[in-house]
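Architecture and fold: a report
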Amino acid sequence: SGQLSFRRCAAQANLALGQSLAKGKPIEAATLLRKAIETLPKSNEKLDWADEIRQNAEQTLKQLDTIEAS
């Protein structure tokens, strides 16, 4: 559907931007990574692309936590 396609594109854009800002602007990066996760569809349907975006965003958020703690 169109809405699903929009959510995918928006989540991918937020993920990419968040990852690119991770080293220089971690607060802004974290905001965008959380937004990427929030943008994903909330359905019981298994969507491989949504799982991949979620995993990448969560992994980058964990790396940010490590950077901020050091």
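Keep in mind it's a predicted model, so treat the numbers as computed, not measured.

The next point concerns the pattern of salt bridges. A complete count under the given rule lists two salt bridges for this structure. With a shortest N-O distance of 2.3 Å, aspartate 51 and lysine 46 are connected by a salt bridge. For arginine 54, the salt bridge is made with aspartate 51, and the minimal N-O distance between the two is 3.8 Å. Remark: aspartate 51 and arginine 54 occur in helix 3 (residues 48-69); sequence separation between them is three residues, near one turn of the helix. With a relative accessible area of 26%, arginine 54 lands in the partly exposed category. One salt-bridge network, in which partners are shared between bridges, spans Lys46, Asp51 and Arg54.

Among the structural elements, isoleucine 37 can be located in helix 2 (residues 26-39). Sequence spacing of isoleucine 37 and arginine 8 is 29 residues, and the spatial spacing of their C-alpha atoms is 10 Å. Ignoring anything within four residues of it in the chain, the contact list for isoleucine 37 reads Lys42, Arg54, Ala57, Glu58 and Leu61.

Analysis parameters
Residues numbered from 1 in each chain as written. Predicted model: local features only at pLDDT ≥ 70, side-chain atom pairs only at ≥ 80, totals over all residues. Heavy atoms only, no water. Salt bridge = Lys/Arg side-chain N within 4 Å of Asp/Glu carboxyl O. Helix = DSSP H or I, 4+ residues; strand = E, 2+ residues; numbered from the N terminus. Buried < 20%, exposed > 50% of the residue type's maximum accessible area, 1.4 Å probe, protein only. Contact = heavy atoms within 4.5 Å.

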